[in-house]
Amino acid sequence: MLATTETLKILIVDDNQNNLLSLHSLINEYIENVKVFNAESGIAALNTLMKKNVDLIILDVQMPEMDGFETAKIIQSRKKTRHIPIVFLTAAYKSEEFKKKGYGIGAADYLTKPIDTPQLISKIQTYLRFIQQERQHNRIELALESKVNERTAELLESNKLLQQEIIERKQMEEKIRWALEKAESANLAKSHFLANMSHELRTPLNVIIGYSEMLEEDANDLGYDDLSPDLEKIGLAAKHLLSLISDVLDITKIEAGKMEFFGETFAISQLIDEMIQSVQPLMDKQGNTFQATLSDELGKMYADATKLRQILLNLLSNAAKFTNNGLITLKVTSTSEQGKKGFNFIVTDTGIGIKSEKISHLFQLFSQVDSSSTRKQGGTGLGLVITKQFTEMMGGTISVESDFGKGSTFIVRLPEQMKLSQE
Ligand code: ADP
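Overview of the structure. Keep in mind the model is a prediction, meaning the values are calculated, not measured.

Cut-offs applied
Residues numbered from 1 in each chain as written. Predicted model: local features only at pLDDT ≥ 70, side-chain atom pairs only at ≥ 80, totals over all residues. Heavy atoms only, no water. Helix = DSSP H or I, 4+ residues; strand = E, 2+ residues; numbered from the N terminus. Rg over C-alpha atoms; globule rule 2.2 N^0.38 Å. Buried < 20%, exposed > 50% of the residue type's maximum accessible area, 1.4 Å probe, protein only. Phe/Tyr/Trp six-rings, centres within 6.5 Å; stacked < 30°, edge-to-face > 60°. Patch = residues over 30% accessible without salt bridge, like charges linked within 9 Å, V, L, I, M, F, W, Y side chains within 5 Å. Areas by Shrake-Rupley, 256 points an atom, 1.4 Å probe, with all protein chains shown as cover. Salt bridge = Lys/Arg side-chain N within 4 Å of Asp/Glu carboxyl O. Pairing = 2+ DSSP bridges. Axes fitted to C-alpha atoms, helices over the stretch in contact; angles between N-to-C directions. Contact = heavy atoms within 4.5 Å.

Some thoughts on the overall build of the protein
Along its length, the protein carries eleven helices and twelve strands. By the compact-globule yardstick of 22 Å for 423 residues, the protein is too spread out, its C-alpha radius of gyration being 54 Å. Its C-alpha atoms give the protein principal-axis dimensions of about 160 × 45 × 40 Å. Expressed as a percentage of the 423 residues in the protein, the buried residues total 37%.

What to know about the packing of aromatic side chains
For the structure on display, the rule yields two aromatic pairs. Their ring planes at 65 degrees and their centres at 5.2 Å tell us that Phe69 and Phe88 sit as a pair that is edge-to-face. Highlighted residues: Phe69 in helix α3 (residues 68-77) and Phe88 in strand β4 (residues 86-91), separated in sequence by 19 residues. The burial state of Phe69 is the same as that of Phe88; both residues are buried.

Things to note about a nonpolar patch on the surface
Taken together, the side chains of Met172, Ile176 and Leu180 define a hydrophobic patch exposed on the protein surface, amounting to about 300 Å² of accessible area. For Ile176, the location among the structural elements is in helix α5 (residues 117-221).

What about the pattern of salt bridges?
The tally for this structure, following the rule as stated, stands at twelve salt bridges. Of the charged contacts in the structure, one is a salt bridge between Asp55 and Arg135, with a shortest N-O distance of 2.2 Å. Separated by 80 residues along the polypeptide, Asp55 in the loop between α2 (42-51) and β3 (56-60) and Arg135 in helix α5 bring together distant segments of the chain. On the accessibility criterion, Asp55 (10% relative accessible area) is buried.

Considerations on the sheet that holds strand β5 (residues 109-113)
Across the sheet, five strands lie side by side as β2-β1-β3-β4-β5; this open sheet has parallel pairing. Looking at strand neighbours, the two that pair on one side only are β2 (34-39) and β5, the edges of this open sheet. Averaged over all pairs of adjacent strands, the angle between their axes in this sheet comes to 20 degrees, without regard to strand direction. The sheet contact formed by β4 and β5 spans five bridges and is parallel. Bridge assignment links Leu89 to a residue of β5, and that residue is Leu111.

Let's talk about the environment of Ile398
Mapped onto the fold, Ile398 is located in strand β11 (residues 397-403). Ile398 sits in the buried class, given a relative accessible area of 12%. When the C-alpha positions of Ile398 and Arg135 are compared, they lie 84 Å apart, and in sequence the two are 263 residues distant. Those residues in contact with Ile398, other than ones at most four positions away along the chain, are Phe363, Thr387, Lys388, Thr391, Ile411 and Val412.

Just distances and angles here, no functional claims.
As structure tokens, then:
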């Protein structure tokens, strides 16, 4: 690793011209890659030092005008030359006295005259090696330092980018949170508004329904039979409107997390018997046949009976709506999955059926598979959404299979004991 090819510069200072010359040629002869400068006095030495970069100074102590020690003091007082090692040259008889003084000043070393050539050469070589090593070391340090600086700059840059990314992400998150809060509060406000409105609409509607029924009875009693069909139409339209409003109210309650469930234990067969009674008129309307089949010993279940009625009524009235002169069946079976008892409520019709690509939209808000046919049948597109929500909130699932043009089957599976899954 030693850069031996690099030239090192030595300054020799001696007032004796002969000494200077012999030292000069000695060094040149024995040591490679050196350049030697001569100075005949302290002043000349300082002059050379101002112009040249020197690596080592060999300095005679006894010189007229300015001696070696004074010269060394000045050299060491200057920032540019302070670091240069100085080897003092002194006559042997003065050696002890000067040695002390020389080291006191900070001499690197000291040699006695007359010069012992091998000693001089070996000392100079040692210094030069040391200086070279130092230089090499400095170079490595410099390289390392610049590497470190480079790497630090890189790190700082990537850190800056990272910080920026973090800030941007935080800002984004803040925006999303803000938008979400806004959307949520807007949605909640909408739900409250709809819930209130639905409630307010139902009251006058119930009055209309009540009075139209009373009027119909009065008309019959008073012999105005020809008025009955019109009054009946008013009543039916009002009832239809009422059911639409109920759907809207249900959806808003579900969305606002305010739908309440009341669990009770009831006999399934009894609930189904009541259902059969109430849906029969719907079935008759379009000439449909209705059959209900119950497995033996269904027993009891614990659930919200009103919600279950609503689920079945939705499915059965849809079946009736979308089937003409066909067959509609309701089948109830008991199931057992992984030791857990439950029931399947299966509603099948032989009606218009649903195209397979439309099935996935069935349970989405306001989705009506075929707007034209539905418009004819009436409806809000909310029934199946409510049905699915009620089923799932009681711990069940709903599925549908349909053959377009041939009919559909809706299956609601509920556990024997409802498990409320309301948020
Ligand atoms: P709607 O109040 O409009 O009937 P639903 O959510 O109950 O709302 O039904 C959504 C749509 O799904 C209906 O408009 C209809 O197009 C289709 N659909 C539901 N049940 C049946 C069925 N049994 N046969 C054919 N299409 C059906």
